[in-house]
Amino acid sequence: MVRTDSSPAQPSDTATTSGARAHARAQHGRTAEFMRHIPASTSPTTPPDVAAECLTWSETVAPGGYTTAVLSRGTRIRLTDKDGDACAHLLLHRADAPHERLNVADTVKVPWQAYLGVGHPLLSGFGRVLATVVADTSGAHDALTGTTTRAGNLTRYGAASPESPSPAGRELFTLAALKHGLDRRDLPPSVSFFKGVRVQPDGTFRWLGSAGAGTAVDLLLHVDAIVLLANTAHPLDPRPTFTCSPLLVHAWPAAADLDRLAANQLVGPLNPEHRQALSNTDADLIARGQL
């Protein structure tokens with residue numbers, strides 16, 4: 001290319017170390033629509049029933065985005081479908097033993113219930129409870145079809161990478177897992193919230209979609225856990241274009257809820273399988289000196 005003016009090219013403001021430092025420092029304190037709020041107490045989206053100073057995690061996850069955190073036993077996590085088209089794909093791993101992780105088959109099989117809702121335990125393959133669903137205003141969830149894949153999104157949308165307009169859930173989970181020294185082999189099937197699926201009499205899946213804007217689901221952690229979240233379109237979404245909206249995430253300490261749950265004061269009486277899984281979890285924590 002030939003320059004048509006005689007003025008010298010102007011260097012970028014960030015072309016030098018001092019310029020780059022000045023630019024970076026100028027960004028301090030600025031906020032964006034999709035970000036983690038640090039400290040969490042500064043959250044602009046604090047739930048009305050939670051004191052801001054109690055929050056340990058507050059974040060708005062972009063459509064097609066992901067996030068991850070390590071949270072302690074007794075933490076309550078609230079996922080909120082702000083605008084009605086979020087789809088929160090979730091994986092859980094034990095923080096101190098990541099080989100123990102969410103087992104969707106047992107999560108469906110052991111409680112004799114394929115559809116997630118209040119009182120449903122999220123189980124590991126060791127017969128222990130990683131988390132329990134303790135509140136739900138959506139009812140539109142899925143523990144049967146997993147998340148989207150690179151091949152599926154390439155076929156449907158023409159793109160699947162995390163940087164593309166239609167990122168696949170498996171690709172987003174991989175990025176989240178890498179932050180904890182995990183990899184693709186550590187990513188089992190996931191559950192998802194805010195897009196309902198039902199099984200028809202002939203065994204096919206029927207996609208129900210969203211329950212609407214402003215719905216939320218609360219999870220109570222029974223162990224220290226690595227939480228992986230991918231907010232991306234559901235694999236059965238029939239719409240021809242990639243559709244997703246922001247996901248709100250909030251977490252706060254709620255250890256007393258563990259006692260209330262065990263005493264049937266939080267979600268009502270637990271089924272025998274749930275109680276046995278809780279006993280398995282407590283026995284393991286006692287053996288580890290953590291309870």
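Residues numbered from 1 in each chain as written. Predicted model: local features only at pLDDT ≥ 70, side-chain atom pairs only at ≥ 80, totals over all residues. Heavy atoms only, no water.

An unreviewed UniProt entry lists the protein under the name Urea carboxylase, with Mycolicibacterium elephantis DSM 44368 given as the organism.

**Student:** Please set out a nonpolar patch on the surface residue by residue, giving values where relevant.
**Tutor:** A cluster of nonpolar side chains, Leu144, Val199 and Phe205, forms an exposed patch at the surface whose accessible area comes to about 230 Å². On the secondary structure map, leucine 144 appears in the loop between strand S7 (141-142) and helix H3 (150-157). (Patch = residues over 30% accessible without salt bridge, like charges linked within 9 Å, V, L, I, M, F, W, Y side chains within 5 Å. Areas by Shrake-Rupley, 256 points an atom, 1.4 Å probe, with all protein chains shown as cover. Salt bridge = Lys/Arg side-chain N within 4 Å of Asp/Glu carboxyl O. Helix = DSSP H or I, 4+ residues; strand = E, 2+ residues; numbered from the N terminus.)

**Student:** Lay out the confidence of the model for the protein with the relevant residues and their values.
**Tutor:** Of the residues in the protein, 91% have a pLDDT of 70 or more, and the chain-wide mean is 92. For residues 1-5, every residue scores under 50 in pLDDT, and the model assigns this stretch two contacts once sequence neighbours within four places are set aside. (pLDDT = per-residue confidence, 0-100. Contact = heavy atoms within 4.5 Å.)

**Student:** Go over helix H4 (residues 169-178) with me, naming the residues and quoting the values.
**Tutor:** Burial of H4 is extensive: seven of the 10 residues sit out of reach of the surface. All of the buried residues in H4 are Gly169, Glu171, Leu172, Phe173, Thr174, Ala176 and Ala177. Where H4 is buried, its residues contact strand S2 (65-71), strand S4 (88-94), H3 and strand S12 (225-231). (Buried < 20%, exposed > 50% of the residue type's maximum accessible area, 1.4 Å probe, protein only.)

**Student:** With reference to specific residues and values, describe the nonpolar core.
**Tutor:** Counting residues in hydrophobic clusters, the biggest one holds 42 residues, and the most contacted among them are Leu79, Leu90 and Phe193. It is S12 that contributes the most residues to this core, six residues altogether. Dropping the residues within four chain positions of it, leucine 90 is found in contact with Leu102, Leu122, Phe173, Ser190, Val191, Phe193, Leu219, Val227, Leu228 and Leu229. Ranked by size, the runner-up nonpolar core spans 15 residues in total, among them Val50, Leu55, Trp252 and Ala277. (Core = buried A, V, L, I, M, F, W, Y, C linked by side-chain atoms within 4.5 Å.)

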